[in-house]
Structures are given as structure tokens and as C-alpha cells.
Amino acid sequence: MLVPYKQDATERFTMDGIRPARTGLRVAAWVSMAWFLATAWEAKAQGTDTESIRVARGWNLLTTREYLPADFDQEIFDALWTTWPEPLRSRAEQAPIESRRRMAMDRYGLIPHPDDPSRSLQYVVGKDGRWTMSCLACHQGQVAGRPIPGLPNSNYAIETLTEEVRLVKVRQRKPFGHMDMGSLLLPLGTTNGTTNAVMFGVALMRHRDKDLNVVARPLKFDLIHHDMDSPAWWHYAKRSHLYADGFAPKGHRMLMQFLLVKENGPKEFLAWEDEFRDIEAWLQSLTPPEWPWAVDTALAEKGRAVFATHCGSCHGSAGSHTAKAVYPEKIVPIDEVGTDRVRFDSLTARDRRNLNESWFAQSDATRDSATGRESPAGYVAPPLDGIWASGPYFHNGSVPTLWHVLHSASRPAVWHRTHTGYDRDRVGLEVISLESMPVQRLTSAERRAYFDTSKPGKSAAGHDFPDALNEEEKTSVLEYLKTL
Ligand code: HEC
Ligand code: HEC
């Protein structure tokens, strides 16, 4: 799945989020995605293997099907620059329309669609020019300028996009949609790249009976809002339960809970069920991306042994995506793992039970021996396959690199990533570390570019297990982690 490509080591991005023209890298990015699409369609063309047809259809559905009400139209998207601060606004004004769209995508963490760069991979754009958020908004990202299937979108600026769309809608006298209203009631994501997503399904489930009919209940505002980093989708095949605390049994219906808006009722869910079997087949087929640069194999070999002794009991065996995979899917008690506990405390046993007893938790009997958990003890130790690509780390995305995971005392209190820079030495996001938030006044859009670990739900503490390793062992484990 990996198309090798060269990255210019001096590649840097300007701080206001505008990427200088890097045609070479961008072409490489498109080529790899186009290659991926071609493979999927080839599988479809062969037509004999039903599973591969499902896989190809799943990807196609994710990128073409509108499952939610539209968020905005092309006219709104093309006017977003009018809300930007100077000097960005003037630069956009003078730019040709294609570059202006490109600037807008950069600002909101979107990736141009390989077939039509005027629209983004993360939104389905209908024939009428209306943009509808898809699962890929949060679940399709890029690393070092290259889109990778199933990689979390660590650049998505969901709240800034929604805020600026709302401003344009007021000017163009257009009605607000569900996202515009939703974001007035609850925060969608206070740091770019992370979202308050877990709350959508749970909050909306309170307004449904077990058969998904809407029931009138007063709005509840007692939910603890917090941002989360989406997990890599290539782990899906390995998991029997989903989410940070592993409370929900996996299955094609569980994938649909994100579609719980009032416009979607039992009729829609039943009609789309089979499509979500295809989407699930696509998720199930994903494999982790390989580290595209050189590895010191002797050092990595040493790291393998250290990992087996200190990490494997929770995270599974080496090369665990192979047939010999041992993945224990272990839930580690919250006090033992010690990472931020807001996500753990935010759901009550009742919230978890509501979802686990609903239609969403019932899946095709073949593989569904898993049942839901209403009171899990803590967080699941995730598989570490492709871990080099999926920074930032931990369920709340609080730690920018694997080096920082291994050096718990050196984790930055506040960090600001370069736009899409990749840190090959520390393995993860290229960041600027700060001791505290800058003192000057920031706009809300600027503030969201900083990860402030002192905020609720954003602590980078815990998971001190690597403290047992000496420096040499840590260096070898870091090298080994590149090979997973
Ligand atoms: C607004 C961002 C966002 C959107 C849109 C979104 N997700 Fe997610 N997704 C998340 C976050 C954040 C989590 C982690 C939640 C948790 O662990 O509590 C998650 C978790 C998941 C998981 C669990 C993975 C695991 O290993 O535990 C799956 C599967 C998933 N999403 C599928 C989907 C599908 C399918 C769609 C579209 C129908 C979708 N998501 C739309 C943000 C999003
Ligand atoms: C006692 C069980 C346990 C041990 C031992 C352990 N971990 Fe973890 N690890 C976890 C849990 C649980 C999480 C999830 C924490 C969270 O997201 O808040 C985690 C998360 C991680 C992550 C971040 C994963 C991601 O997708 O964000 C990395 C990287 C990691 N561990 C590496 C290691 C390494 C390397 C070692 C050995 C030096 C190790 N772990 C030892 C339980 C363990």
C-alpha cells in the first residue's frame, strides 16, 4: 500500500498555515492515494471475490455518499477567506481561485481530493455543490504531506471551520445547519486535530429509544466536554471492542452511531445498513503504513527484546499485524495507566448501557460474540502497528512524539505543531514546545493551534511504564517502534 517517495529534508512550513508550493511532494501524495483508489477499483473489476467488492464499495461510499445533512455550499466555501485575519485575507484575495481553495483547505486541515482538487477528501461534494461532512473528516489524515488510508486527521480544524462558515452564512443570509447550531451549544474541538466526537453519539442517544425512534426529552447539558484524538482505523481488524475504554462491541451498526441526527430515523438506518457492511469491510482490510525512511536494524533488534520485556504484555507481540499476531486487547485500570481520566469519567454506566442495549450494538452473528461493557476499568492498550504515523499520542492526543511517550518528564506543557512537519528523530509531529500559553492576545482560531496540557481533559501525564528503561534501552525501543 505504500508508495515510496522522497521528502526534502529542508521542507518547512510557514507558521500561518500556508504551505509554500511543493509540487513534488503534493504529486507524490496524490499518486499514493490515486494508486490506492486504483487498487480498490481493480479489486472491484475482478469481480470474483465478494469481500474485495465490498472493500472497494466501502471506500467509494465513504467518499461519495451523503449520510448527513449538508454543512455548506460551494459559494460559502469560496467566500470563507473573507473572514480571515490580515495579511492572510489580502493574500487570498489576490490569489487565483484554485490557490485560494487550497489555502482554505490548509487552514481547516482538509486534503484535496485526488480526482478533483477543488473539493476535499473529507467532505462529500454533491452535484449541487453542497458539502457534507463524512467520516473521513476526522478519520483521513496525512503524514509528512502524504494521505494514508485510515490515518487520523490530526489537522482538522472543525471548530474554526464551523465558526467561519457561520459568519459567511450570516452575510449571505443563508440558514444555519446542524453543525452551526451544535457548535453554539457545545464545543466541537478546542484544539485542532482533536474533536469532542465521543459526545455526539452519547448525547444524541439520549433522545432515542432502543429502536432509534426520536423521543422528546429535555436537552441535557451535564456532559463533560473534552477533545479526543481519533484512533487509527487500521487497528479495526484487531479489535473486538471499540473506543478508548473498549466499552462497545464492534460491528457495522456501531459504525453508524455517528449518523444520529434528527433527520436520520429508523428508516434511514435500516436502508443504509448494508452499505455499512461495505464500509466495515474496507476498515477491516486496512493495513498499517510502513515507515518510509531508513531504519538502524541492529538497534531496532535490540529494541525488540526490550519491548517484549517491558511493553508486550499490554500492547501485544512484535510485528503483531502478521498472522502470528498476539494482541491481548488489555484494559488497564485507570489509576495504573494514569493518563488523563476525563474521557473515562465522562461516560456513566447508564450512557454506556444505553448504547450497548441499542440497535447499534447488534451485529452480524458470525463474529459477534463480544458484548458491551458498562463499567470498564480503564483504557485499552492499543495495538502499536503503524504507530510512527499516528501522532499525536494517547487517547487525547496530548503527546506529540514517541520520544515524548518514552520520556515522561520531558513532555511539553504547551505545544504548537508546525503545519504538517514530521519529526523523524523524535518520531511524530514536528512541534514547538512552550512552558505556557503565549501572553499576547490570540484569536480563537490561533488559540486552537496550541495544545495546552493544563486544560481539563488535556493532561499529558501518566503511562510512566517506559521510566523503567535506561536511555540506551529507550533509544533502541524508539528505533523498534518505527518498524511496527
Ligand atoms: C468529528 C470527528 C469524527 C467523525 C466525523 C467520525 N469519527 Fe469516528 N471517532 C472519532 C473519535 C474522536 C473517536 C475516538 C472515540 C473514543 O475512543 O471514545 C472515534 C472512534 C471511532 C472508531 C473506533 C476505533 C477504535 O479503534 O476504537 C471507529 C471504528 C470509528 N470512529 C468510525 C467512524 C465512522 C464509520 C464514522 C462515520 C460514520 C466516524 N467514525 C466519524 C472521531 C470522529
Ligand atoms: C500496563 C500496560 C502497559 C504497558 C506495560 C505499556 N503500555 Fe503503552 N499504553 C497502555 C495503555 C492503556 C495506553 C493507552 C493510554 C491512553 O490512551 O490514555 C498506552 C498507550 C501507548 C502509546 C500511545 C498509543 C497511541 O495510539 O496513542 C504508546 C506509543 C505506548 N503505549 C508505548 C508503550 C511502550 C513503548 C511501552 C514499553 C516501554 C509501553 N507502552 C508499556 C498500556 C501499557
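These figures come from a predicted structure and were not determined experimentally.

Undergrad: Could you give an account of the overall build of the protein, naming the residues involved and the relevant values?
TA: The helix and strand inventory of the protein stands at 18 helices and 12 strands. The burial tally for the protein puts 43% of its 484 residues in the buried class. When contacts within the protein are restricted to residue pairs at least 6 apart in sequence, those whose partners lie at least 24 apart make up 71%.

Undergrad: Could you give an account of helix α10 (residues 266–285), with specific residues and numbers?
TA: One turn of the α-helix equals 3.6 residues, which is why residues spaced by three or four share an orientation. Over its 20 residues, α10 runs 28 Å from end to end, which matches the ideal 28 Å to within 8%, given 1.5 Å per residue. Along α10, the largest kink reaches about 45° and is centred on glutamate 273. Turning to α10, its buried residues are Phe276, Asp278, Ile279, Glu280, Ala281, Trp282, Leu283 and Ser285. The secondary structure elements touched by the buried residues of α10 are α2 (50–64).

Undergrad: Run through the site of ligand 1, naming residues and quoting values.
TA: Taken together, the neighbourhood of ligand 1 is formed by 21 residues, with Cys135, Cys138, Ala197, Tyr243 and Ala244 sitting nearest. Looking at the shell around ligand 1, the elements with two or more residues in it are α6 (136–139) and α9 (197–205). Tallying contributions element by element places α6 first for the shell around ligand 1, with 3 residues. Considered class by class, the residues forming the shell around ligand 1 number 15 nonpolar, 5 polar and 1 charged.

Undergrad: Provide a residue-level description of the nonpolar core, including the pertinent values.
TA: Ranked by size, the top nonpolar core spans 82 residues in total, and within it Ala104, Ala248, Trp282, Leu402, Val477 and Leu481 carry the most contacts. With 5 residues, α10 is the largest single contributor of residues to this core. Excluding anything up to four places from it in sequence, valine 477 contacts Gly303, Val306, Phe307, Leu406 and Leu469. Residues Trp415, Leu429, Tyr450 and Phe451 belong to the second largest nonpolar core, which totals 5 residues.

Undergrad: Summarise the site of ligand 2; cite the residues concerned and give the values.
TA: The full set close to ligand 2 counts 25 residues, and Cys311, Cys314, Thr339, Ala381 and His395 are the nearest of them. Of all the secondary structure elements, the ones that give two or more residues to the shell around ligand 2 are α12 (312–315) and α16 (402–406). Broken down by element, the shell around ligand 2 gets its largest block of residues, 3 residues, from α12. When the residues that make up the shell around ligand 2 are grouped by side-chain class, the tally is 18 nonpolar, 7 polar and no charged.

Undergrad: Kindly report on the packing of α2 against α10, identifying the contributing residues and their values.
TA: Between α2 and α10, the least distance of the axes is 7 Å, while the angle of their chain directions is 105°. Judged by the angle between their axes, α2 and α10 are roughly perpendicular. Between α2, through Glu51, Arg54, Val55, Arg57, Gly58, Trp59, Leu61 and Leu62, and α10, the contact on the second element is made entirely by Glu275, Arg277, Asp278, Ile279, Ala281, Trp282 and Ser285. Of the residues assigned to the contact of α2 with α10, the class counts are 7 nonpolar, 2 polar and 6 charged.

Undergrad: Now, about helix α18 (residues 471–482): what can you tell me, with residues and values included?
TA: Over its 12 residues, α18 extends 17 Å from the first C-alpha to the last, a length consistent with the 16 Å expected when each residue adds 1.5 Å. Within α18, burial applies to Ser476, Val477, Leu478, Glu479, Tyr480, Leu481 and Lys482. Lining the buried residues of α18 we find α11 (297–310) and α16.

Undergrad: Any chance you could break down the sheet that holds strand β2 (residues 123–125) for me, citing the residues and the numbers?
TA: Ordered by their spatial adjacency, 3 strands build an open sheet running β1-β3-β2, and the pairing between neighbours is antiparallel. Looking along the sheet, the strands with just one partner apiece sit at the ends: β1 (72–73) and β2. As paired elements, β1 and strand β3 (residues 130–133) share 2 bridges and run antiparallel to each other. Residue pairing in the sheet places phenylalanine 72 in a bridge with tryptophan 131 of β3.

Undergrad: Summarise the sheet that holds strand β11 (residues 428–434); cite the residues concerned and give the values.
TA: Pairing is antiparallel across the open sheet formed by 3 strands, whose spatial order is β11-β10-β12. The open sheet has two free edges, formed respectively by β11 and β12 (450–452), since each of these has just one partner strand. Adjacent strand axes in the sheet meet at a mean angle of 40°, parallel and antiparallel pairs treated alike. Pairing of strand β10 (residues 414–423) with β12 involves 3 bridges; the strand directions are antiparallel. Paired with histidine 416 across the two strands is tyrosine 450, which belongs to β12.

Conventions and cut-offs
- Residues numbered from 1 in each chain as written.
- Chains lettered and ligands numbered in written order.
- Predicted model: local features only at pLDDT ≥ 70, side-chain atom pairs only at ≥ 80, totals over all residues.
- Helix = DSSP H or I, 4+ residues; strand = E, 2+ residues; numbered from the N terminus.
- Buried ≥ 20, exposed ≤ 12 C-beta atoms within 10 Å, placed from the backbone.
- Contact = placed C-beta atoms within 7 Å.
- Expected span 1.5 Å × (residues − 1).
- Bend = angle between axes of the 7 residues up to and from the residue.
- Near = placed C-beta within 6 Å.
- Nonpolar A, V, L, I, M, F, W, Y, C, P; charged D, E, K, R; others polar.
- Core = buried A, V, L, I, M, F, W, Y, C linked by C-beta atoms within 7 Å.
- Axes fitted to C-alpha atoms, helices over the stretch in contact; angles between N-to-C directions.
- Parallel < 35°, antiparallel > 145°, perpendicular 65-115°, else oblique.
- Pairing = 2+ DSSP bridges.

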